[in-house]
Amino acid sequence: MRLILRDATRLAAYARKGGLTLDEQGQRLTLDIAAQTVDDDEPIQRVLVACKAYDAEHAVASIAPRLRPGAELLLLQNGLGSQDAVAALVPDARCVFVSSTEGAFRDEDFSVVFAGNGFNWLGDTQNGAAPAWLDELSLAGIPHQWSSDILDRLWRKLALNCAINPLTVLDDCSNGDLLQHRDEVDALCDELVQVLQTCGQPEAAVGLHAEVNRVIQATAANYSSMYQDVANGRRTEISYLLGHVCTTARAHGCHAPYLNRIRGQLIAHLQARGLPSD
Ligand code: KPL
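Residues numbered from 1 in each chain as written. Predicted model: local features only at pLDDT ≥ 70, side-chain atom pairs only at ≥ 80, totals over all residues. Heavy atoms only, no water.

Some words on the pattern of salt bridges
So, point 1. Using the criterion set out here, one finds 11 salt bridges in the structure.
So, point 2. Measuring nitrogen to oxygen at the nearest pair gives 2.7 Å for the salt bridge that ties Glu211 to Arg156. Of this pair, Glu211 sits in helix 7 (residues 208–218) while Arg156 sits in helix 5 (residues 150–170), and the two are 55 residues apart along the sequence.
So, point 3. You can call Glu211 partly exposed: its relative accessible area is 22%.
So, point 4. Connected through shared salt-bridge partners, Asp23, Arg28 and Asp107 make up one network. (Salt bridge = Lys/Arg side-chain N within 4 Å of Asp/Glu carboxyl O. Helix = DSSP H or I, 4+ residues; strand = E, 2+ residues; numbered from the N terminus. Buried < 20%, exposed > 50% of the residue type's maximum accessible area, 1.4 Å probe, protein only.)

Here is the structure:
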């Protein structure tokens, strides 16, 4: 196993840290995983692409010449759009899309805190068979399932994020506070259902309102990932969330005025704070 880092500066920072620290239920463990930069020439058979959606295409382009024939890429990005961009870039590779509900955050450089058990669905868009290495995930205790409908799952998660995250930013509130903004949430869900049905993802629309409410209640005390990005002055993944929904709706001739209005308000909100709006 190798950790592939952006450049020599990051490699030096990693060496200074002495490895990657994982914090699970207060137990901290530092793993001295061998590391290299994207410029290394070691051939790659399988790679887990764990960067933000807006970095995925560039990251994969920088290692594309190193991919062996039939190489496999596991794409862990939020939202949709980046996976297709990556797949188009490396047509000879097998791209496995991953949808994860596991929770984690970085407390310091090269240190990750495991914040909540979840589940991982993996699948590809060519109806391919489950790869043999899936058993290794079981051995590592990573809960997972090979999914024949990974796009449905990614669309569903995308819809949940679009119904919750932008409103928490615009209304400056926790997920639970959205119970005070039920009309806005319901209006977004109505349009999301319409978009999903029009753009060939009807399965992802089934029972969306109820699930959004369930997630709001189950995560009431939490602040959404987009809220936290904005609060910490970080770039958001708006283009791969609300942006992707609005672009797909337009491409299918689906009128989505409220989603587009919220998107416009979010872009203005980000710009007012000097954050990238793409
Ligand atoms: O995934 C989430 C996020 O914050 O990104 C939830 C909790 C589902 C809210 O959309």
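Focus: the domain arrangement of the chain
So, point 1. The domain boundaries assigned to the chain delineate domain 1 (3–148) and domain 2 (151–272).
So, point 2. Note on domain 1 versus domain 2: buried area summed over both sides is about 1,500 Å², and carbon and sulfur give 61% of it.
So, point 3. If you sort the residues of domain 1 by the area they bury against domain 2, Tyr54, Asn78 and Leu80 come out on top, with a joint share of 47%.
So, point 4. In this structure, the connection of domain 1 to domain 2 is made through 0 salt bridges.
So, point 5. Counting every contact that joins domain 1 to domain 2 gives 4 residue pairs in polar contact (both at pLDDT 80 or more).
So, point 6. Those elements that provide at least two residues to the side of domain 1 that touches domain 2 are helix 2 (53–63), helix 3 (82–89) and strand 7 (94–100).
So, point 7. Top contributing element to the side of domain 1 that touches domain 2 by residue count: strand 7, with 4 residues. (Domains from an automatic or database assignment. Buried area = accessible area lost by both parts, 1.4 Å probe. Polar contact = N/O pair within 3.5 Å; in protein donor to acceptor, adjacent residues only side chain to side chain.)

With respect to the side chain of His269
So, point 1. Tracing the backbone through its elements, the reader meets His269 in helix 10 (residues 257–272).
So, point 2. Residue classification places His269 among the buried positions, given a relative accessible area of 16%.
So, point 3. Once residues within four sequence positions are removed from consideration, His269 is found in contact with Val169, Leu170 and Val230. (Contact = heavy atoms within 4.5 Å.)

Regarding the site of the ligand
So, point 1. Surrounding the ligand, one finds Lys157, Asn161, Ile164, Asn165, Asn175, Val215, Ser224 and Ser225.
So, point 2. Between the ligand and Asn165 there is a distance of 2.5 Å, counted from an oxygen atom to a side-chain nitrogen or oxygen.
So, point 3. Within the side chain of Ser225, one N or O atom sits 2.5 Å away from an oxygen atom of the ligand.
So, point 4. For the ligand, the accessible surface in isolation is 280 Å², of which the surrounding protein chains cover 79%.
So, point 5. Top element by residues in the shell around the ligand is helix 5. It accounts for 4 residues.
So, point 6. Class assignment of the residues belonging to the shell around the ligand gives a composition of 2 nonpolar, 5 polar and 1 charged. (Near = heavy atom within 4 Å. Areas by Shrake-Rupley, 256 points an atom, 1.4 Å probe, with all protein chains shown as cover. Nonpolar A, V, L, I, M, F, W, Y, C, P; charged D, E, K, R; others polar.)

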